[in-house]
Amino acid sequence: MTKKLGELLVAAGLISREQLRKALDDQQQSGERIGTILVKLGAISEEILAEFIAKQFRVPEVNLARLSIPKDVIELIPNDIALKYQVVPFGLMGGTLNVAMADPGNLFIIDDLRFLTRRNIAVHVSSESVIKKIIHQQSSADEEKMDDVLGLLKEETDVSLVESSDELDLTFLESAAEQAPVVKLVNFILMDAIRKQASDIHIEPYEKAMRVRFRIDGVLYEIMKPPYQFKNAIISRIKVMSRLDIAERRLPQDGRIKLKARNREMDFRVSVVPTLFGEKVVLRLLDKSGLQLDMTKLGFEDQQYKEFLDAIYLPYGMVLVTGPTGSGKTTTLYSALSELNKVTSNISTAEDPIEYNLYGINQVQIHDSIGLSFAAALRSFLRQDPDIIMVGEIRDYETAEIAMKAALTGHLVLSTLHTNDAPSTINRLLNMGAEAFLVASAMNLVLAQRLVRRVCSECAVEEDVPVESLLELGVPEDKLGTFRCLRGKGCPVCNHTGYRGRVALYEVMTMHEPIRELVLRGAPGSEIKREAVKLGMLTLRKSGINKLMQGVTSLEEVFRCSAKD
């Protein structure tokens, strides 16, 4: 085709035979199109060449410089493809995409574009320099858009991956940050989440948009909407960092990222799930430095703290911590283990996953796929001369039975369960198939918990709350007027949310003899709850009311996180 074009130009008197021979010699070295070389040599102008090619291939010529190309049209062909093929999409009519090319005779390019865009391709001719100029403008626009999103924060480039098996710092992130906007964006998202003390990062693709949300103090906030064309690149970057399979887009994947930034290490637990419009990624931030292991600061009332401490210092028996996902159960258990972690005690834990590594404690990662279940780990622990055993979660009858039998044979067992309150935990175990006498004998204490947001101390103001709302909440009438409700009006310290940090509401049910007797005769949860309250148990709602009266949290938070008694 190139030789034919050269000969045709000679035949038309537009170039000389000598100019064509020179162009062909240069083509042997550069591999460029013959038309491009002839323009570079000054043998013919771009305008005349484009007009000649349009007549030769019987396709229309278009002056791209005079067109205003819609953004949604130019984005139909990715910038790297446009650059590779030297094409610019400039119009869409029904199912036909109008494209400008310098070489309309390349049928392979046209077929590729048809497959890529899933549209018919109507070819037009334009000069190569104008095509390159528009592609360059689009590239610059993309870079500027990414720069706006990132803010190009210099300090965020100092991020390096750390191998999970050792303390090796990788330097490729730092160097790549100056070259790849996508890498810099991912670094910025991770660092911004750390700076804002988020617990989770959600990266979500939709049909024509993509958004990033952070869960801060238990509530999701939209942080940014990255440019949609970077969707796959962002997801792939995170998968590379967490050593997941980039090619696998049909199955869920789980991984882990360990970062070192500003001399501080941070773990991210990564979950990738395929959705209708692409893969959604959720990253859970695991900040060991922010782990609160001082039980006196978790939110216990004085009596609750004493009862919990008494229960975990018993030589044997079971202590259960219950609540939904994200209610702080792991922090409470780790705090208890930290309190019990002495040289004289052998402590083993079975967890899925291990969120934080604690010195002096033997932690086992559960792998159901190879047969290492909670029950299997528990059986192994009993042959390891344990004093204290922690089971990440009781999921089935087998685990419950082994745990309770271990609690009855001289071991302290700590574990978690998903229930709404402390008394209903008993019925949950019985419904699993556990014997009532085992539950009654093995259980020392059941603790239910929720997390409420703390009112920001920097911007807290008094709030006038109707008496009816306080009575509906459950505030005793004799307490009305003895305290002031607070709310945060929002400030830079709390990211203008009015809240900063969280505190736990606890419902601590000690297994007193009257409660054990109710369990043995199969009493319903409501009767167990009444008896526990009579014996001094503070319900989650009453614990929330106390936090409200102390000015720790707001009325809305207590309503949101606890049910009416």
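Residues numbered from 1 in each chain as written. Predicted model: local features only at pLDDT ≥ 70, side-chain atom pairs only at ≥ 80, totals over all residues. Heavy atoms only, no water.

Asker: Tell me about the overall build of the chain, and name the residues and values.
Answerer: If you tally the helices and strands in the chain, you get 22 helices and 19 strands. For 565 residues, the compact-globule estimate of 2.2 N^0.38 gives 24 Å, and the C-alpha radius of gyration of the chain, at 33 Å, exceeds that figure by more than 25%. Taking the principal axes of its C-alpha atoms as reference, the chain extends roughly 110 × 60 × 45 Å. Relative to its full complement of 565 residues, the chain shows a buried share of 48%. In the chain, the proportion of contacts linking residues at least 24 apart, taken out of those at least 6 apart, comes to 62%. (Helix = DSSP H or I, 4+ residues; strand = E, 2+ residues; numbered from the N terminus. Rg over C-alpha atoms; globule rule 2.2 N^0.38 Å. Buried < 20%, exposed > 50% of the residue type's maximum accessible area, 1.4 Å probe, protein only. Contact = heavy atoms within 4.5 Å.)

Asker: Give a detailed account of helix α4 (residues 46-57), specifying residues and quantitative values.
Answerer: Spanning 12 residues, α4 covers 16 Å between terminal C-alpha atoms, matching the ideal 16 Å at 1.5 Å per step. Looking at α4, one finds that the buried residues are E46, L49, A50, F52, I53 and A54. Once α4 ends, the next one or two residues include R58, with phi positive near 55°. (Expected span 1.5 Å × (residues − 1).)

Asker: I'd love a proper account of the nonpolar core, names of residues and values included.
Answerer: Core analysis: the largest hydrophobic core is formed by 47 residues, its most contacted members being M318 and M509. Of the residues forming this core, the biggest block, 6 residues, is contributed by helix α15 (residues 397-407). Within the second largest apolar cluster, 33 residues are counted, among which are L190, I194, I257 and V281. (Core = buried A, V, L, I, M, F, W, Y, C linked by side-chain atoms within 4.5 Å.)

Asker: I'd love a proper account of the layout of surface pockets, names of residues and values included.
Answerer: By volume, the second largest pocket is sized at about 1,400 Å³. If you list the elements that add at least two residues to the lining of the second largest pocket, you get α5 (71-74), α6 (79-85), α7 (107-117), α8 (128-150), α10 (181-195), α11 (231-241), β9 (264-275) and β10 (278-286). In terms of residue class, the lining of the second largest pocket is made up of 15 nonpolar, 8 polar and 13 charged. (1 Å grid on protein atoms, 1.4 Å probe; cavity = no way out; pocket = protein on both sides within 12 Å on 5 of 7 lines; lining within 4 Å. Points joined across faces, edges and corners; volume = space filled by probe spheres on them. Nonpolar A, V, L, I, M, F, W, Y, C, P; charged D, E, K, R; others polar.)

Asker: Give a description of the UniProt feature "domain: Bacterial type II secretion system protein E" (unreviewed entry) in the chain that names residues and reports values.
Answerer: Following the UniProt record, the feature "domain: Bacterial type II secretion system protein E" (unreviewed entry) maps to residues 382-396 here. Helix makes up 0% of residues 382-396 and strand 27%, and the two end C-alpha atoms of the span are 19 Å apart. (UniProt positions renumbered as here; feature names shortened; annotations may be inferred.)

Asker: Let's hear about the sheet that holds strand β12 (residues 347-351): which residues, and what values?
Answerer: If you walk across this open sheet you meet the 7 strands as β13-β12-β14-β15-β11-β16-β19, and the pairing is mixed. The outermost strands of the open sheet, each flanked by one partner alone, are β13 (362-365) and β19 (499-510). Adjacent strand axes in the sheet meet at a mean angle of 20° when their direction is disregarded. In the sheet, β12 pairs with strand β14 (residues 388-391) via 4 bridges, with the strands oriented parallel. Bridging from a neighbouring strand, S348 pairs with I389 of β14. Sitting on the sheet, α15 touches β11 (317-322), β14 and β15 (412-417), and the angle it makes with β11 is about 135°. Sheet contacts for helix α21 (residues 540-549): β16 (443-455) and β19; angle to β19, the most-contacted strand, approximately 140°. (Pairing = 2+ DSSP bridges. Axes fitted to C-alpha atoms, helices over the stretch in contact; angles between N-to-C directions.)

Asker: Provide a residue-level description of the packing of helix α16 (residues 423-432) against helix α20 (residues 525-534), including the pertinent values.
Answerer: Helix-helix packing is characterised by the crossing angle of the two axes and by the distance between the axes. Two numbers describe how α16 lies on α20: the axes approach to 8 Å, and their chain directions differ by 145°. For α16 against α20, the interelement crossing comes out right-handed. Within the contact between the two elements, α16 uses P423, I426 and N427 and α20 uses G525, I528 and K529. For the contact of α16 with α20, the residue count by class is 3 nonpolar, 2 polar and 1 charged. (Left-handed = near helix turned anticlockwise from the far one by under 90°.)

Asker: Which residues make up the state of the cysteines, and what values go with them?
Answerer: Within the structure shown, the criterion is met by 0 disulfides. Free of any disulfide, C459 has its nearest neighbouring cysteine sulfur in C491, separated by 3.7 Å. In this structure C459 comes out as buried when scored by relative accessible area, which is 3%. (Disulfide = S-S within 2.5 Å.)

Asker: Residues and numbers for α10, please.
Answerer: The α-helix advances 3.6 residues per turn, and as a result positions three or four apart in sequence lie on the same side. The terminal C-alpha atoms of α10, which comprises 15 residues, lie 20 Å apart, in line with the 21 Å expected from a rise of 1.5 Å per residue. With 14 of 15 residues buried, α10 lies mostly within the body of the structure. Positive phi appears at Q197, one or two residues downstream of α10, with a value of about 55°.

Asker: An account of the pattern of salt bridges is needed here, citing residue identities and associated values.
Answerer: By the definition in use, this model includes 30 salt bridges. Here E527 makes a salt bridge to R521, at a shortest N to O gap of 3.0 Å. Taken together, the shared-partner salt bridges connect E204, R211, R213, E222 and K280 into one network. (Salt bridge = Lys/Arg side-chain N within 4 Å of Asp/Glu carboxyl O.)

Asker: So what's going on with the pairing of β16? Residues and values would help.
Answerer: In terms of burial, β16 is a largely internal element, 12 of the 13 residues being buried. Bridge count between β11 and β16: 5 bridges; the pairing is parallel. Looking at the pairing, M318 lines up with M443 of β16.

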